[in-house]
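Fold and geometry: a report
This is what each chain is made of:
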Amino acid sequence: MNTLSWLNGEAFAAFGQHILWSDMIGNTIGLAALTLGWRRSIWTWPAQVLSGVILVGAYASAHLSGGVGKQLLVIGVALWGWRQWQRGRRQAQDGSIAIRFASWRERWVLLGGTALGTLAVGGLFVAVPELSWNPWPDAYIFVGTLAAMVAQARGLVEFWFAWLLVDIVGVPLAFSSGLAFSGLVYVIYLALVLWGMRDWWLRSRANTPALEGAAA
């Protein structure tokens, strides 16, 4: 049995749901990546890349080209975010990544890009049904995830708000689709998002006086 076949094998069954190894491992690494992001650790990006690679292999083995394409985009954004954090031009005093609130211009760019991206991706999913069985919620979650990753790469507190908006749709969609493990992961995501949002918010507020003093 090769690795891809093993990843698409059943890990266990619970409450009538069949949990695949790829679903469990990929989502568990995704949780670790979000936790590392909350800690402002650069290892959040390798974790996101690894999670994407596992899911690409799983989707490819199952001949789900839409899933492969989406994960390849996620990997691409994760590699870009990794490079952004490695450059480290705006380091916090404790040696981690400096964080801040976005400007209003950046917020409008994120909102506008997410809206247009959702319309474009949703339209593609509608036109090519084999890419997604639930096109508009899937497009919303996919584009929202990319927007959150872009905001995270720039050290913006709004990254957590983007994740929160993704979870609001992701939790009920996963459970209604019979994906119990993914639904549970989204619930845990929600708790981590609220925790991380509070931490980044407080840190960005604490950094503001120091930045203002430096500018003076």
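Values in this document were obtained by computation on a predicted structure and should not be read as measured data.

A few points about the overall build of the protein
Tallying secondary structure elements over the protein gives eight helices and two strands in all. Beginning at the N terminus, the succession of helices and strands in the protein can be written as α-β-β-α-α-α-α-α-α-α. Sorting the 216 residues of the protein into buried and exposed places 44% on the buried side. Expressed as a percentage of contacts within the protein between residues at least 6 apart in sequence, the contacts between residues at least 24 apart total 63%. When the accessible surface of the protein is totalled, it reaches about 11700 Å², and 68% of it is carbon and sulfur.

What to know about the pattern of salt bridges
Following the criterion strictly, the structure yields three salt bridges and no others. Between glutamate 106 and arginine 100 there is a salt bridge, with the nearest N and O atoms lying 2.9 Å from each other. One salt bridge connects arginine 107 with glutamate 158, and the closest N-O pair in it is separated by 2.9 Å. Of the two residues, arginine 107 sits in helix H5 (residues 104–127) while glutamate 158 sits in helix H7 (residues 158–176), which places them 51 residues apart along the sequence.

A word on helix H6 (residues 135–153)
Given 3.6 residues per turn, any residue in an α-helix points the same way as the ones three and four places further on. Its 19 residues give H6 an end-to-end C-alpha distance of 27 Å, which sits within 8% of 27 Å, the value for a rise of 1.5 Å per residue. Burial analysis of H6 places 15 of its 19 residues in the buried class, the great majority of the element. Just downstream of H6 lies glycine 155, where phi reads positive at about 70°.

Remarks on the nonpolar core
In globular proteins that are soluble, nonpolar side chains generally tend to be buried together. Counting 42 residues, the largest nonpolar core has Leu34, Phe159, Trp160, Trp163 and Trp200 as its most contacted members. Those elements giving two or more residues to this core turn out to be helix H2 (21–38), helix H3 (44–61), helix H4 (65–87), H5, H6, H7 and helix H8 (180–215). Leaving out residues up to four positions away in the same chain, tryptophan 163 has contacts with Leu34, Thr145, Ala148 and Val193.

Here's the deal with the side chain of threonine 44
Along the polypeptide, threonine 44 turns up in helix H3. Look at threonine 44 and you get buried, because its relative accessible area is 0%. A polar side-chain atom of threonine 44 sits 3.5 Å from a polar atom in the side chain of glutamine 152. Setting aside residues up to four positions removed in sequence, threonine 44 forms contacts with Ala33, Leu36, Gly37, Trp85 and Gln152.

Here's the deal with unusual backbone geometry
Although it is not a glycine, arginine 40 adopts a positive phi angle of roughly 60°. Within the element layout of this structure, arginine 40 appears in the loop between H2 and H3.

Quick notes on the rules
- Residues numbered from 1 in each chain as written.
- Predicted model: local features only at pLDDT ≥ 70, side-chain atom pairs only at ≥ 80, totals over all residues.
- Heavy atoms only, no water.
- Helix = DSSP H or I, 4+ residues; strand = E, 2+ residues; numbered from the N terminus.
- Buried < 20%, exposed > 50% of the residue type's maximum accessible area, 1.4 Å probe, protein only.
- Contact = heavy atoms within 4.5 Å.
- Areas by Shrake-Rupley, 256 points an atom, 1.4 Å probe, with all protein chains shown as cover.
- Salt bridge = Lys/Arg side-chain N within 4 Å of Asp/Glu carboxyl O.
- Expected span 1.5 Å × (residues − 1).
- Core = buried A, V, L, I, M, F, W, Y, C linked by side-chain atoms within 4.5 Å.
- Polar contact = N/O pair within 3.5 Å; in protein donor to acceptor, adjacent residues only side chain to side chain.

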